[in-house]
Amino acid sequence: MKKIVLIEPQSKEDHVYKHVLMPRLGLPILGTQLKQEGYQVSFHLGKGDSLPWSKLLDADLVGISTTTATCREAYQISGLLRSNDIPVIIGGIHASFIPDEAIQFADYIVRGEAEEYFLPLVRALEAGQEPEGIPGVSYWKNGKPVHNPPQQAAIDMDTLPIPDLSMMDNANKMLSIPVMTSRGCPYNCSFCCVTKMFGHRYRFRCTEKVLQELAQFPGKHVFFSDDNFVANTKRSKELMREMIERPEIKIKGWGAQVRADASYDDELMELMARSGCSIVYIGFESINPETLKGYNKKQSVDDIKEAIRRFHEYGIRIHGMFVLGGDGDTVETIRETADFAVEAKIDSVQFMMLTPMPGTPFFDQLESEGRIINYDWSLYDGHYAVFKPALMSAAEMQDETLRALKKFYSLSNIFKNVPVTGWASALYRAIGFGLTRHFAYQSRWYSGFLKHQPYTSSEPVTLFSRKLQAPVAGDREAEASSPLMVSLTEQKGILYLKIRGIADNLQLKELNRTLEKALPRHYNQLVINAEGLRFASEKAAAGFASYLEKLGTRVRRLQVVIKAEKQARSLLNWKQSSRFKLPRYELLVHKH
Ligand code: B12
Ligand code: SF4
């Protein structure tokens, strides 16, 4: 098992951050560990279509990272690889919280922090052993998923290698280099899944090691990929002092996520400015005190105002991050937030919609209240209203948030605050002007979906159940076929189509005609369970594959569940094409 390929998939949905080339550091760290043990490792960041498929199909093992918004892309890639007998391990924050879902698409899952368990898992697989006893690993046994108990202790940060980013194919194109100095967060905001994944205890790498890593990037801008870079002010000050004093640290500047209350510490602010901090990303979250309380943010609106004033005083730009849609928020709150951001002269903002991320108490609460209206994980990136807010409709939240973004990134506001924010900020706002309009155009389908979406039942509802076309006597292909049993149900906004029987081309045509009429106009996800479907001929299999392609243009998310590997291969003509164009559907291969 020498050739290991690691993939961080990007979402297909349009998204402001998808234009930012920067990996999360989990896979680069795990890849470095493997490299140090003599494995041949490559790391790729991108959408399925952009990946080097010839390399992927030549791998002995593939590891894929997930967040909630990118898990579907991960599942699609995994399905295609597994149908070619390439073992796949999935890890990352989403798989850690919903392992029962993720394991359906993988051979193995590693839950939680993986640095102590990935290598042992790879070694066990090489030796043909079951990963029994490796903490945090999920795998298949006798057709059932087994979840080993989770790891007990958090990883010791000083045992981690410096991630070797050279294994990433387009590393030199990164405008900002990610460097992680800490994990964990002592706070407990209701919408955030970080503490469940990395814990409350704030752990950090020793200053020496961080400096060693920083010394690799002269002339580059660095982004500290910590959740709260200055949660321990003593160590942050020590690090910044060294960054100022050490001649080998020649980075161009840096940015990091910090809390608003960091601005109250004068010495810290002074050191941040002197060590090259050019921008801070602050979770302001809301200007509605009730919402701040509901989020358990432990921050007041005055803290926000003071932070803006003081960071500007020290010449540091502010990217203000707001989460709209708390139970105390109305349409007015969203409008007022846009006005506040303009008036307070924040350099740039992100107005995200509150999103119930799996693993958070907020997700559990909304789930139990039946308020989640869309379970398409690819929309869980803060750009889409996926639940029913308390004091407005989901469609209002969607439209108003976009309007607020357009207001902040308006032509007038690009230039309005230049005397305070400077030209660099104006440039960001100008980019934001383009991105928000592009996003508004790309996402207009979702607004329509929210206004019309009629199906949200929590129990399955049968929309139709039918027997399709009996075999025609005298036709050889039809004689090999049997009636197709087709049923369409809906649950939680997802349509499930189950097809059983042996299909010939005539029946497939009939299926096409029936679905044309039966499928509702406004829906987002269709799951076709074809586990019980067989084909009367190769021609029929090819016909079904092209039918799925066609359907994939009508449905935003199409998932096809199949059982036999042979059946999977007959569907997969994608591999033959010279340009690896992936199918428009996700393949869920039930191997076990
Ligand atoms: C840096 C960062 C960014 C960067 C780079 C993003 C990127 N490439 O995804 C930027 C600023 C661009 C960004 C943007 C966004 N981000 Co961001 N980001 C982070 C942050 C702060 C650090 C990431 C990191 O390096 N973590 C440290 C490494 C070590 O962790 P890791 O990669 O998860 O890996 C460990 C384990 O998960 C596991 N593992 C991971 N993958 C695999 C794979 C295998 C095979 C195995 C065995 C193990 C394994 O082992 C690793 C080592 O222990 C995290 C918070 C966090 N603490 O993780 C948020 C976070 C990942 N972001 C988040 C979000 C929501 C976003 C956005 C949607 C924007 C937004 N609304 O704010 C966008 C989406 C970006 C995208 N590409 O889709 C959420 C994701 C939540 C979720 N459940 O999906 C997080 C967790 C923040 C939060 N507070 O909730 N982000
Ligand atoms: S939002 Fe930030 S401060 Fe709140 S728990 Fe998450 S990482 Fe910590």
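Fair warning: this is a prediction, and the values are worked out from it, not measured in the lab. (Residues numbered from 1 in each chain as written. Chains lettered and ligands numbered in written order. Predicted model: local features only at pLDDT ≥ 70, side-chain atom pairs only at ≥ 80, totals over all residues. Heavy atoms only, no water.)

K.L.:
Lay out the site of ligand 1 with the relevant residues and their values.
P.N.:
As a structural note, the neighbourhood of ligand 1 is formed by 40 residues, with Glu 8, Met 22, Ser 65, Thr 68 and Glu 115 the closest of them. Asp 227 is positioned with one of its side-chain polar atoms (N or O) 2.8 Å from a nitrogen atom of ligand 1. Only helix H1 (26–36), strand S3 (61–66), strand S4 (88–92), helix H7 (194–198) and strand S15 (348–353) provide two or more residues apiece to the shell around ligand 1. Residues belonging to the shell around ligand 1 are distributed by class as follows: 20 nonpolar, 13 polar and seven charged. (Near = heavy atom within 4 Å. Polar contact = N/O pair within 3.5 Å; in protein donor to acceptor, adjacent residues only side chain to side chain. Helix = DSSP H or I, 4+ residues; strand = E, 2+ residues; numbered from the N terminus. Nonpolar A, V, L, I, M, F, W, Y, C, P; charged D, E, K, R; others polar.)

K.L.:
If you had to explain the site of ligand 2 to someone new, which residues and values would you point to?
P.N.:
The environment of ligand 2 is formed by Cys 185, Tyr 187, Asn 188, Cys 189, Cys 192, Asp 227 and Lys 297. Its residues placed into classes, the shell around ligand 2 shows four nonpolar, one polar and two charged.

K.L.:
Pulling in residues and values, what's your account of the pairing of strand S18 (residues 494–503)?
P.N.:
Across seven bridges, strand S17 (residues 484–491) lies against S18 in antiparallel orientation. The residue of S18 that forms the bridge with Val 486 is Ile 499. In terms of strand pairing, S18 meets strand S19 (residues 525–535) through nine bridges, oriented parallel. By the bridge assignment for S19, Ala 503 is matched with Phe 535. (Pairing = 2+ DSSP bridges.)

K.L.:
Summarise the sheet that holds strand S20 (residues 557–562); cite the residues concerned and give the values.
P.N.:
Two pairing modes exist for strands in a sheet, parallel and antiparallel, and in both the strands are linked by backbone hydrogen bonds. Spatially, S16-S17-S18-S19-S20-S21 is the arrangement adopted by the six strands of the open sheet, whose pairing is mixed. A single partner strand is all that each edge strand has here, and the edge strands are strand S16 (461–468) and strand S21 (586–589). Averaged over all pairs of adjacent strands, the angle between their axes in this sheet comes to 15°, without regard to strand direction. Where S16 meets S17, seven bridges bridge the pair, whose relative direction is antiparallel. Opposite Phe 464, over in S17, you have Leu 488 as the bridge partner. (Axes fitted to C-alpha atoms, helices over the stretch in contact; angles between N-to-C directions.)

K.L.:
Could you give an account of helix H21 (residues 538–554), with specific residues and numbers?
P.N.:
Look at H21: 25 Å from first C-alpha to last across 17 residues, which is about the 24 Å you get at 1.5 Å a residue. Those residues of H21 not exposed but buried are Ala 540, Ala 541, Phe 544, Ala 545, Tyr 547, Leu 548, Leu 551 and Gly 552. Projected down its long axis, H21 carries its buried residues within an arc of 160°, all on one side. Exposed side chains of H21 directed beyond 90 degrees from the buried face belong to Glu 538, Lys 539 and Thr 553. (Expected span 1.5 Å × (residues − 1). Buried < 20%, exposed > 50% of the residue type's maximum accessible area, 1.4 Å probe, protein only. Arc of directions from axis to C-beta.)

K.L.:
Outline the side chain of Glu 115, supporting the account with residue identities and numerical values.
P.N.:
Within the secondary structure, Glu 115 sits in the loop between strand S5 (108–110) and helix H6 (118–126). In this structure Glu 115 comes out as buried when scored by relative accessible area, which is 9%. Of the polar contacts made by the side chain of Glu 115, one reaches the side chain of Arg 183; its length is 2.6 Å. The contact partners of Glu 115, leaving out residues within four places of it in the chain, are Ile 29, Leu 30, Gln 33, Ile 155, Leu 160 and Arg 183. (Contact = heavy atoms within 4.5 Å.)

K.L.:
Run through the packing of helix H15 (residues 394–408) against helix H17 (residues 418–442), naming residues and quoting values.
P.N.:
A packed helix pair is summarised by two numbers, namely the angle formed by the two axes and the spacing between the axes. Packing of H15 against H17 leaves a shortest axis separation of 9 Å and a crossing angle of 155°. As the angle between them shows, H15 and H17 are arranged roughly antiparallel. In the packing of H15 onto H17, the handedness of the crossing is left-handed. Taken together, the residues of H17 that come into contact with H15 (itself represented by Leu 402, Leu 405, Lys 406 and Phe 408) are Arg 429, Thr 436, Arg 437, Phe 439 and Ala 440. (Parallel < 35°, antiparallel > 145°, perpendicular 65-115°, else oblique. Left-handed = near helix turned anticlockwise from the far one by under 90°.)

K.L.:
Provide a residue-level description of the environment of Asp 107, including the pertinent values.
P.N.:
Here Asp 107 shows up in the loop between helix H5 (99–102) and S5. Sequence separation between Asp 107 and Tyr 139 is 32 residues; the distance between their C-alpha atoms is 6.2 Å. Looking at Asp 107, its side chain comes within polar contact range of the side chain of Arg 82, at 3.2 Å. A polar side-chain atom of Asp 107 sits 2.9 Å from the main-chain amide nitrogen of Val 88.

K.L.:
Would you mind going over a nonpolar patch on the surface in detail, with residue names and values included?
P.N.:
A surface patch of nonpolar side chains, about 220 Å² in accessible area, is lined by Val 16, Tyr 17 and Val 20. With respect to the secondary-structure elements, Val 20 resides in the loop between strand S1 (3–9) and H1. Here Val 20 falls in the partly exposed class, since its relative accessible area comes to 39%. (Patch = residues over 30% accessible without salt bridge, like charges linked within 9 Å, V, L, I, M, F, W, Y side chains within 5 Å. Areas by Shrake-Rupley, 256 points an atom, 1.4 Å probe, with all protein chains shown as cover. Salt bridge = Lys/Arg side-chain N within 4 Å of Asp/Glu carboxyl O.)

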